[in-house]
Amino acid sequence: MVCVTEQTRVSDESIDIHCVGFPDHPEDLNLQLIIKSGWLDKTPPNGGRQFQRRWVQLDWEYLRYFQNNKEVYSKRMVALACVSEVVRVGEKRFEIITQGRTFLFRAPNSKQRDDWLSCLWKVLDSRQEKKCGNGFFKTAVVSTEGYLEMTSPRNKLYTVVNNHKVYLFRNREEYLQGIGITDIDMSRASVKQTSKFVKITTSYRTFSFMVDSQVEWQHWYACLMACVSQSSSDSVCERVWSLETNRACADCGAVMPEWASVNLCVLLCEQCAGVHQSLGQSVSKVYNLKSDECVWTDDLIKVFLLIGNSKANQFWAVDVPACERLSQNASSSERVKHITAKYQDAMYCKRHTLYGQQKELNNALCTTVQTDNLVETLSLLFSGAEIRCYTGIPEFPSPLALAKHTGQPAQVELLRHHLTTVPSPKEAQGQQRSPLAIMVDSGLVQALSLGMQQGRPCGWGTVGHTSVLCHNGYLFKVASSARPITDYKPQADFSQRWCCLGNGLFSYYKTEQSTNRCGCIKMSDIICLSFNSPGIHGYEHTFELYTDSGRVYLFGADDIVTIKEWIRAFAIALLPAVLSDVCGLCDRLGRLRCAEGSSGIGWFCLSGSRLQVLLHDSVQNVDLRKLLTLTLSDSVGDMVFSWRGGSLHVIAENKPHFPGWVRSIGLCGGAGDQPLSLQQLTESGIPIAVDRCLDHITRHGLMSTGIYRKCGVHSHVSALLEEFLRDARSVCVPEDIAVDNVTNTLKRFLREVREGLFNGQQNSQNWLCTAELTDNCNKTSRYQTLLSSLPEVNRETFKALFNHLYCVQNFSNINHMTTRNLGLVFGPTLFQTDKADPRTFKVVEDLIGSYCAIFNISDAELQKQMDMTLLILNKLKDQASLTPVPSHTVCAIYLEKREEDAELLVQVGMSTTVEELVLEVLEMCGIQPADGEFWRCYETKEEIERELHYKEAVLPVCYSLSPQSHLLVKRSHYTSDINMYLSGKEEVCKLGALRMSEVKGGKCKSFSNRHCELSGSTFRLYKELQGSQCEKEWPVQEIKVYQGYMSKLQPPTPWGLTVFHDQQQWYFCCDSEDEFIEWIATIMSLQHGGDLG
């Protein structure tokens, strides 16, 4: 094995600047376009070896990392202008190297690591200068700099005021190296002075700095106040007005407009802005260029410079009759009429050529957001393109995510202002009147005039800047119930209601013109929404709302589009943004009590077989068909399920919504009476019933004469099939069951499964027609086309089945199952017919005979499959041998971690060493160790593990394993540290204090201090450092030392050793990871004479 010693890294000490309040979207506070963000592990302070999880953000200027994804102020920020190199380190790690510091990060997997590297390299390549003496700022103009003492947390920090921000550094050296702690945006801050203190107050915390002298105190206060003044006086107007067409109101032509509608992309005068505001933010989001500075980011200004009033009016006002054009002297009523017609009724706009073609509009939007054509995006959005449509790319599911990924900040800003809509002020107060009725009301016109006289549009201030969803329309409703609605509700039971969702309420009225509500539900009280299957009630499409108080509300409509729009609106209003942004259209959503959730609560979104769960700040995507275990009702009615990568315990609730969740998750988890794609599946995506039958037949039936042609015992076959159909996950095919019973179970399953392997009768005919072709090349190509058109589960099942049949026919000289015989058996089975159609035989024969060509199997992959088959056969041969201690056996080895059905079967001989075993496992899995990586084999026993010496014989270890033990090959994270510790030592020994717990009578004592000495060939324990006799003494060669200990001991630290000797065991606890490594290194070196490989 090859090792490259890791570069020594400087400890990364920082300070924690916690917020007292958190924004809804912290990333929005960063005015720079965030190129990439996500969770990464990084090395902790003081050079520890255990990684710490950090939220990392990358923009065009800095790389920042935070304690979590809610914090506003970073733990560290690195100026990219001072980064000299970004390099790969190992499989999932990478380093960012500056002139004075190296930062080591680790991604969850290699793909994400490569994504980070790609983004970092892209940013670095775009910069003209890669190195500089101080590249922390775009401009070198610094107002002032020097040391200030921050009071909480107490630290003396080097502080720099630059432009409209204050930057904090550990010291001046790090400032010159381009490594900071965080920055404070003074455009969102205020400055106060007290005796010897200067305080900077933001929305999220207060920074208090202590200054020693009166002169310094006055100097810093003046500089900070100038910074606030400068950021406040930066003229957004001048930048927006730099485009000539923006110097006139888009509606009436008044000069130098100081208002803007950020979603309609037009500049407005004060009078027209008042009318826009009265329409409500569901129509027009109006902000002032001077007073609403926090809205006017650089990217939003860029949007108005790229579009401008001229281009915007080419869409909004392309066909305005001369008699209806608005002048600067127009009356309030004329402005209301014109602006309503122009924007709300869209009477003059130029619709997109794709108007009315929803799919084409969505596709065009996904394409356009990757360009800088903002006018096209505006046209598509207001012609009906869905801003939350699915892009078809799982990594970037929405147009917003796609725009971010392709580096289009102006598109991102434009889309953000269209993501949600806001009710008008009167709607927010519950007065559900039509906007047109409000606008023509004479009282409103008077209010408009009064608002204009006061210098602000009418109603301003009743709605904040935060976007709130608004949706309304007619639905049909039945009376609410205190229990689940299980009986059929005819249309006569439904009453039509005008429903409005907005401002945290779902209200319903008798008609659209009604002012008195029939009822309302607070959004915070809704705990579940369920979309019912079509036709279960009098109205074809219905959904149910469940509240925390136990009430159930049923709503319906005949139009599926209407119901989908309501479900989408509820999803956005109910779910946290991190979940609603990715969940799409749901069948069922809401919150449930679960042990793993934040404050005991998890948010759930069920769509088909996909369950998305928000726990804390991360969304778990679970394919319910691939669950490892599913317990729908234990002794207390809870739901418990686990999947590869996690588990969840949902706590039962005595409320109407809970039985529906249990039923839905059970159905979506796969059922035996469903088509292949809705069966319970393995991780590789094939039905569990098929996988377990094929596995048993491969291990026990390849050499069986007439396999698949012989009949099994009908009652045994029916019983096994019934078990698979009831709950395949719980079925373990007994080792002693007759193989013919299993082969007939597999054939019956394939014959009886809904829609069959070919996914329907029509598709079956296409396969039969292909069998009649005479040109083999054309036939193979046609088979490949038909295969690729199948659902993924059918395709993977095809591949697994015919890989198995290909292996069966390879042993036809023993089992007599030639390609022809297999075709006779499986032709009618797969086509689910009793007719003797020779084409069915021919399809199976073709697929077996041209297996490699049709399924694109390479020679290397084919050889690997055959080698695994031979290993299985050798294992069976060894098991049948009468030799008491065979010279070879097949060992089950796990890679990285122990998982069900994931063992590797490796043939091991008497002379096979651990080193040879590791190399063989890596070769089988196609793993090429990277530089600096060490792979080792461990004997693992529950929560503890022992590293096997590289020269140790494997076979004796295999025979000595207990039922709870197994062999595991994985990367060693301590080998390089052990080698570094032992290098250069003339005498290997170790002494020091450890805490020990002894097991007596099956019970563990509490941990107590002991002085330990390890030298020569002996390990000794003393109760005290001096003057005490040796309490225990063991020969080093006779003890087995495992890393770790049982968590039930509640050890004081995570770094422990478990020592076994003469059927007794002791637990030792180390105070630090470094100490743990030193003890392990010394023991291993003494046991193996310093030869650690």
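Since this is a predicted model, take the numbers as computed values, not measurements.

Definitions and limits used
- Within each chain, residues carry numbers counting from 1 in the order of the written sequence.
- For a predicted model such as this one, the threshold for reporting local features is a pLDDT of at least 70, and the threshold for listing and counting side-chain atom pairs is 80 or more; totals across whole chains, interfaces and linings nevertheless cover every residue.
- To obtain the side-chain values, all non-hydrogen atoms of the structure were used and water was disregarded.
- Stacked, tilted and edge-to-face are the three classes applied to pairs of Phe, Tyr and Trp rings, where Trp contributes its six-membered ring and a pair requires centres within 6.5 Å; stacked means planes under 30 degrees apart, edge-to-face means over 60, and tilted covers the rest.
- Elements are defined by DSSP. Helices are runs of H or I of four residues or more, strands are runs of E of two residues or more, and each kind is numbered from the N terminus.
- To sort residues, take the accessible area from a 1.4 Å probe on protein chains only and compare it with the maximum for the residue type: under 20% means buried, over 50% means exposed, and anything in between is partly exposed.
- Strands qualify as paired when DSSP identifies two bridges or more between them.
- Remark: nonpolar core denotes a set of buried residues (Ala, Val, Leu, Ile, Met, Phe, Trp, Tyr, Cys) joined through side-chain atoms within 4.5 Å.
- Should any heavy atoms of two residues lie within 4.5 Å, those residues are counted as being in contact.
- Asp and Glu count as negative and Lys and Arg as positive, but His and the ends of the chain are not part of the count.
- Whenever a carboxyl oxygen of Asp or Glu lies within 4 Å of a side-chain nitrogen of Lys or Arg, that contact is scored as a salt bridge.
- In protein, a polar contact requires one atom able to donate a hydrogen and another able to accept it; more generally it is a pair of N or O atoms within 3.5 Å, and residues adjacent in sequence count only if both atoms are side-chain atoms.
- Orientation is described by lines fitted to C-alpha atoms, with helices fitted over the stretch in contact, and by angles between N-to-C directions that extend from 0 to 180 degrees.
- Three categories are distinguished: nonpolar for Ala, Val, Leu, Ile, Met, Phe, Trp, Tyr, Cys and Pro, charged for Asp, Glu, Lys and Arg, and polar for the others, with Gly belonging to the last.
- Under the convention used throughout, the expected extent of a helix is 1.5 Å for every residue step, that is, one less than its residue count.
- Confidence of the predictor in every single residue is expressed as pLDDT, which spans 0 to 100.
- For this quantity, the arc is that covered by the directions from the helix axis to the C-beta atoms.

### Topic: the packing of aromatic side chains
Where two aromatic rings form a pair, the distance of their centres and the angle of their planes describe that pair.
For step 1, the next point in the chain: Taken as a whole, this structure holds 44 aromatic pairs when the rule is applied.
For step 2, the next point in the chain: Summarising the aromatic geometry, the rings of tyrosine 974 and phenylalanine 1076 are spaced 5.6 Å apart at their centres and angled 65 degrees between planes, so their arrangement reads as edge-to-face. Of this pair, tyrosine 974 sits in the loop between strand S37 (965-971) and helix H32 (975-982) while phenylalanine 1076 sits in helix H33 (residues 1073-1087); the two residues are 102 residues apart in sequence, bridging distant segments of the chain. As far as burial versus exposure is concerned, tyrosine 974 and phenylalanine 1076 are alike and both buried.
For step 3, the next point in the chain: Of the aromatic side chains, those joined through ring pairs into one cluster are Phe758, Trp767, Tyr783, Phe798, Phe802, Tyr806, Phe831, Tyr851 and Phe855.

### A look at the pairing of strand S45 (residues 1064-1069)
For step 1, the next point in the chain: The sheet contact formed by strand S44 (residues 1056-1061) and S45 spans six bridges and is antiparallel. Among the inter-strand pairings, histidine 1061 is bridged to a residue of S45, identified as glutamine 1064.

### Details of the nonpolar core
For step 1, the next point in the chain: Within the largest apolar cluster, 56 residues are counted, with the highest numbers of intra-cluster contacts made by Tyr708, Trp767, Phe798, Leu801, Phe802, Phe826 and Leu830.
For step 2, the next point in the chain: A total of seven residues in this core trace back to one element, the largest contributor, which is helix H24 (residues 792-810).
For step 3, the next point in the chain: Here phenylalanine 798 is in contact with Leu757, Phe758, Trp767, Leu787, Leu790, Leu847 and Phe855, once residues within four sequence places are set aside.
For step 4, the next point in the chain: Counting 46 residues, the second largest nonpolar core, distinct from the first, contains Ala273, Val286, Ile301 and Leu374.

### Some words on the side chain of arginine 588
For step 1, the next point in the chain: Relative to the helices and strands, arginine 588 resides in strand S26 (residues 588-598).
For step 2, the next point in the chain: Buried arginine 588, no salt bridge; nearest opposite-charge side chain is glutamate 544, N-O distance 5.8 Å.
For step 3, the next point in the chain: For arginine 588, the side chain forms a polar contact with the side chain of serine 530, separated by 2.9 Å.
For step 4, the next point in the chain: Every residue in contact with arginine 588, bar those within four places of it in the chain, is listed here: Cys528, Leu529, Ser530, Tyr546, Phe604, Cys605, Leu606, His657, Gly660, Trp661 and Ser664.

### A few points about the pattern of salt bridges
For step 1, the next point in the chain: As enumerated under the stated definition, the model contains 40 salt bridges in all.
For step 2, the next point in the chain: One salt bridge in this structure joins lysine 990 and glutamate 1078, with 2.7 Å as the shortest N-O distance. Linking lysine 990 in strand S38 (residues 990-1000) with glutamate 1078 in helix H33, this pair joins segments that are 88 residues apart in sequence.
For step 3, the next point in the chain: A relative accessible area of 14% means that lysine 990 is categorised as buried.
For step 4, the next point in the chain: What you see here is one network of salt bridges that share partners, running through Asp59, Arg64, Lys165 and Asp183.

### Digging into the packing of helix H21 (residues 739-752) against helix H26 (residues 819-831)
For step 1, the next point in the chain: Direction vectors running N to C along H21 and H26 enclose 40 degrees, while the axes themselves pass 6 Å from each other. Mapping the contact onto sequence places Lys747, Leu750 and Arg751 in H21 and Val825, Phe826, Pro828, Thr829 and Leu830 in H26.
For step 2, the next point in the chain: Partitioned by chemical class, the residues of the contact of H21 with H26 number five nonpolar, one polar and two charged.

### Some thoughts on H21
For step 1, the next point in the chain: Across its 14 residues, H21 extends 20 Å between first and last C-alpha, which sits within 8% of the 20 Å expected from 1.5 Å per residue.
For step 2, the next point in the chain: Summarising burial for H21: eleven of the 14 residues are buried, a large majority.
For step 3, the next point in the chain: Restricting attention to buried positions, one finds in H21 the residues Val739, Asp740, Asn741, Val742, Thr743, Asn744, Thr745, Leu746, Lys747, Phe749 and Leu750.
For step 4, the next point in the chain: Structurally, H21 contributes buried residues whose contacts are with helix H19 (688-700), helix H20 (714-727), H24 and H26.

### A closer look at the sheet that holds strand S11 (residues 179-180)
For step 1, the next point in the chain: Overall, antiparallel pairing links the eight strands, which are arranged S5-S6-S7-S1-S2-S3-S4-S11 in an open sheet. The open sheet is flanked by strand S5 (83-89) and S11, the only strands paired with a single partner.
For step 2, the next point in the chain: Examined bridge by bridge, strand S4 (residues 76-79) and S11 share two bridges and lie antiparallel to one another. By the bridge assignment for S11, valine 78 is matched with isoleucine 179.

### Focus on the environment of glycine 590
For step 1, the next point in the chain: As for its placement among the helices and strands, glycine 590 is situated in strand S26.
For step 2, the next point in the chain: Put simply, glycine 590 and phenylalanine 604 are 14 residues apart on the chain and 5.5 Å apart in space, counted from C-alpha to C-alpha.
For step 3, the next point in the chain: Apart from the residues within four sequence positions on either side, glycine 590 is in contact with Ile527, Cys528, Gly602, Trp603, Phe604 and Trp661.

### Quick word on the sheet that holds strand S16 (residues 259-261)
For step 1, the next point in the chain: Here we have three strands laid out as an open sheet, ordered S17-S16-S18, and antiparallel in their pairing. Looking at strand neighbours, the two that pair on one side only are strand S17 (266-268) and strand S18 (286-288), the edges of this open sheet. This sheet shows a mean twist of 30 degrees between the axes of neighbouring strands, independent of strand direction.
For step 2, the next point in the chain: Judged from the three bridges that link them, S16 and S17 form a sheet pairing that is antiparallel. Counted as the bridge partner of alanine 260 is leucine 267 from S17.

### Regarding the side chain of threonine 745
For step 1, the next point in the chain: For threonine 745, the position within the fold is in helix H21.
For step 2, the next point in the chain: Here the side chain of threonine 745 touches asparagine 741 through a polar contact of 2.7 Å, landing on its backbone oxygen.
For step 3, the next point in the chain: Excluding anything up to four places from it in sequence, threonine 745 contacts Cys693, Val717, Leu720, Leu721 and Phe724.

### Focus on unusual backbone geometry
For step 1, the next point in the chain: With a phi angle near 55 degrees, glutamine 832 is a residue other than glycine that sits in the positive phi range.
For step 2, the next point in the chain: Relative to the helices and strands, glutamine 832 is located in the loop between H26 and helix H27 (838-849).
For step 3, the next point in the chain: Note on glutamine 832: relative accessible area 31%, which makes it partly exposed.
For step 4, the next point in the chain: With a phi close to 55 degrees, glutamate 942 is a non-glycine residue in the positive phi region.
For step 5, the next point in the chain: Locating glutamate 942 in the fold gives a position in the loop between strand S35 (935-941) and strand S36 (944-947).

### What to know about the confidence of the model for the protein chain
For step 1, the next point in the chain: Averaged over every residue, the pLDDT of the protein chain is 82; the share at 70 or more is 86%.
For step 2, the next point in the chain: This model gives residues 1-12 a pLDDT under 50, and the stretch forms 31 contacts once residues within four places in sequence are excluded.
For step 3, the next point in the chain: Confidence over residues 129-133 falls short of pLDDT 50; this stretch has twelve contacts with residues more than four positions distant or in other chains.

### Comments concerning the pairing of strand S40 (residues 1008-1015)
For step 1, the next point in the chain: Of the pairings in the sheet, the one linking S40 to strand S41 (residues 1018-1022) comprises five bridges and is antiparallel in character. Note that in S41 the partner of histidine 1011 across the bridge is tyrosine 1022.
For step 2, the next point in the chain: The turn joining S40 and S41, which pair antiparallel and follow one another in sequence, is formed by two residues; a positive phi near 60 degrees is taken by glycine 1016.

### Concerning helix H22 (residues 761-771)
For step 1, the next point in the chain: When we look at burial in H22, the residues that qualify are Ser764, Trp767, Leu768, Thr770 and Ala771. Projected down its long axis, H22 carries its buried residues within an arc of 160 degrees, all on one side.
For step 2, the next point in the chain: Contact partners of the buried residues in H22: helix H23 (776-788), H24, H26 and H27.

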